[in-house]
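Chain residues, written in single-letter form:
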Amino acid sequence: MSSNKLKVEDLSAWFYEKQVLNRVSLEFPDKKVIAIIGPSGCGKTTFIRCLNRMHELTPGARVRGRVVLDGKDIYTEMDAMEVRRKIGMVFQKPNPFPNMSIYDNVVAGLKLMGIRDKALLDKVVESKLREVGLWDEVSDDLRRSGAQLSGGQQQRLCIARALATEPEVLLMDEPTSSLDPSSTAKIESLVRVLKNHATVIIITHNVQQAARVSDYTAFLYLGDLIEFGETKKIFESPKNPLTEKYVTGRFG
Amino acid sequence: MKYKSNFFFEKIFKTILKITSLIVIGIFILLFYSLVERSIPSLFQNGLEILFGTSWDPNFEIFGGAPAILGTLFSSAIALIFALPISLCIAIFYTEYGPVRLRPFISGIMDLLAAIPSVIYGIWGLWTLSPILKINFQEPIIASIGFIPIFSGPAYGLSIFLASLILTIMITPIISSISIDIFSKTPMHLREGMFALGATKWEVIKNVVFPFAKRGVFAATILGLGRALGETMAVTMVIGNSYLWPFKSVSLFASASTITSKIASEFPESVVNLIHNSSLISLALILLIISISINFVAEIISKKSVGG
Ligand SMILES: Nc1ncnc2c1ncn2[C@@H]1O[C@H](COP(=O)(O)OP(=O)(O)OP(=O)(O)O)[C@@H](O)[C@H]1O
Ligand SMILES: [Mg+2]
């Protein structure tokens, strides 16, 4: 299937002896939004951290299986730095670099790539901050520290930072879990636009959010992939009774 | 009722705190005052000579402090210049690159080095390090590039160079163990934020760990500097206590003096000569003023860099 951006085959993951993902296989179509849902502790974060090789930074972490980006195995045919440049990530807790200005936060990834051209950087800063809807709020003082923004602004800054290097896939780990409804709405509408140029994989605890923003949904339970398919189908006619229980909120 | 008693204890606690800080300030003022008082005879007779004079001869009542003051500043500066990068390397290795099972070993060595009394460093410097360095380091250097004045001979075993080296060894454990502490407190979510942009380990250290640790490492450095400036025993034993450096010879391998070594080696004999004794106390006053100024400037610098 040529339209599949990222392919996961038999992916298992461990923390020391404890297995937290159990032979997960699925294919992420290109330029779509895919929601990952499931109860707390089921392995959602671990799963997406295996997709950009962040998992291996954790002590005791181990992975088996294949993750293939455009036909290339990210574990054997690419180095971790290259993988992470192509597969960006937004974390659950906003984490702008406090020692850097808003401007420098946005261009941090570009600077790592050795891009120093001021005019280009200026352009990227403006376009990415506009894209995340932050430009009008911060353009008067881009030299301010990124840590001085509100939580919702910080998270949008982090999204701009991840987008600046134009990743082909964007991983988002519950990006709105610490935000108020209006910031959440802004980020959700942003996610719907982002799929024009990237595949977006978003974890959410909120099944309504999954229904609102995603084209496909994957349901994880205790490290197993229970069901994966078009969001509409997952919500309207789930095949697995567990999925049905979870999406209708009658779980546990 | 409960609230009231908490309030009562808080009040007592605050009062105790106030009294303690007043006592500390009081002791300091008293100390400063008695140094000034006992310096007066010397300041009266020597004037600025105590700061700028280059020779010292109690028999002729000549008391110039410049070589000792320069010796203190120079040996401490050299120690810092070596100790800071070494400490940073140790801290980076410990927290970022080195295997986890080496950690107890490294921190054990650092704790041990920090706990050794300075007289032991002095003995070791005098009996072990000095002859080794003289034969294997100073003499070959003098033979090859001795025409450069700062490396010129003869190779005194006891020298400003050896004193600086001992100070380096003494302050490295202080700076490195504090640096290790601070480096390992760098928040994981910031490191991961940088890794997720495709950064290498070194780029994470440079862009996240260093900026985060900057202020703490600076404070650790000032602490180390304070220790170096005031270190007495070890320096007195290895510096040679002469006024050769820096005015009669600029060589790093010449013997020299620091303020502390001067005081420690001459204080007992000085009690018979009021001006001699008072001159040594003036030197102590100068050292105190140097230390206070450094701490003061450091405070200003670290306040200025908040958020920067
Ligand atoms: N650093 C770690 N060391 C050891 N075990 C871990 C670590 N991080 C997570 N785990 C375990 O791995 C399992 C999966 O965790 P993960 O964070 O992937 O779950 P999650 O689905 O993201 O949960 P949540 O919805 O609460 O964020 C959990 O049982 C958790 O206890
Ligand atoms: Mg999670």
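It should be emphasised that the depicted structure is a prediction, and the values quoted were computed from it without experimental measurement.

Caption draft 1: Geometry of the overall build of chain A. Of the regular secondary structure elements, chain A holds ten helices and ten strands. Over its C-alpha atoms chain A spans a radius of gyration of 18 Å, differing by no more than 12% from the 18 Å that the globule rule assigns to 252 residues. In terms of overall dimensions, chain A has C-alpha extents of about 55 × 40 × 35 Å along its principal axes. Taking all 252 residues of chain A together, 52% fall into the buried category. Considering only contacts within chain A whose residues lie at least 6 apart along the sequence, 66% involve residues at least 24 apart. Per element, the accessible surface of chain A, about 11000 Å² overall, is 49% carbon and sulfur.

Caption draft 2: Fine view of the packing of helix 3 (residues 66-97) of chain B against helix 10 (residues 259-270) of chain B. Residue and element names in this part refer to chain B. Closest axis-to-axis distance for the helix 3/helix 10 pair is 7 Å, and the angle between their directions is 125°. Taken together, the axes of helix 3 and helix 10 lie oblique to each other. Taken together, the residues of helix 10 that come into contact with helix 3 (itself represented by Ala-68, Ile-69 and Thr-72) are Ile-259, Thr-260 and Lys-262. Looking at side-chain class alone, the contact of helix 3 with helix 10 contains three nonpolar, two polar and one charged residues.

Caption draft 3: Geometry of the pairing of strand 8 (residues 199-203) of chain A. All names here are of chain A. With respect to burial, strand 8 is a largely interior element, five of its five residues being buried. Here strand 8 shows no split at all, with Thr-199, Ile-201 and Ile-203 on one side and Val-200 and Ile-202 on the other all buried. When strand 3 (residues 33-37) meets strand 8, the two strands line up parallel, connected through four bridges. When the bridges of strand 8 are listed, Ile-36 appears paired with Ile-203. Of the pairings in the sheet, the one linking strand 7 (residues 169-173) to strand 8 comprises five bridges and is parallel in character. Bridge assignment links Leu-171 to a residue of strand 8, and that residue is Ile-201. Between the parallel elements strand 7 and strand 8, the chain passes through helix 7 (residues 181-194) in a crossover that is right-handed.

Reading the values: rules and limits
- Residues numbered from 1 in each chain as written.
- Chains lettered and ligands numbered in written order.
- Predicted model: local features only at pLDDT ≥ 70, side-chain atom pairs only at ≥ 80, totals over all residues.
- Heavy atoms only, no water.
- Helix = DSSP H or I, 4+ residues; strand = E, 2+ residues; numbered from the N terminus.
- Rg over C-alpha atoms; globule rule 2.2 N^0.38 Å.
- Buried < 20%, exposed > 50% of the residue type's maximum accessible area, 1.4 Å probe, protein only.
- Contact = heavy atoms within 4.5 Å.
- Areas by Shrake-Rupley, 256 points an atom, 1.4 Å probe, with all protein chains shown as cover.
- Axes fitted to C-alpha atoms, helices over the stretch in contact; angles between N-to-C directions.
- Parallel < 35°, antiparallel > 145°, perpendicular 65-115°, else oblique.
- Nonpolar A, V, L, I, M, F, W, Y, C, P; charged D, E, K, R; others polar.
- Pairing = 2+ DSSP bridges.
- Right-handed = clockwise from strand over helix to strand, strands pointing away.

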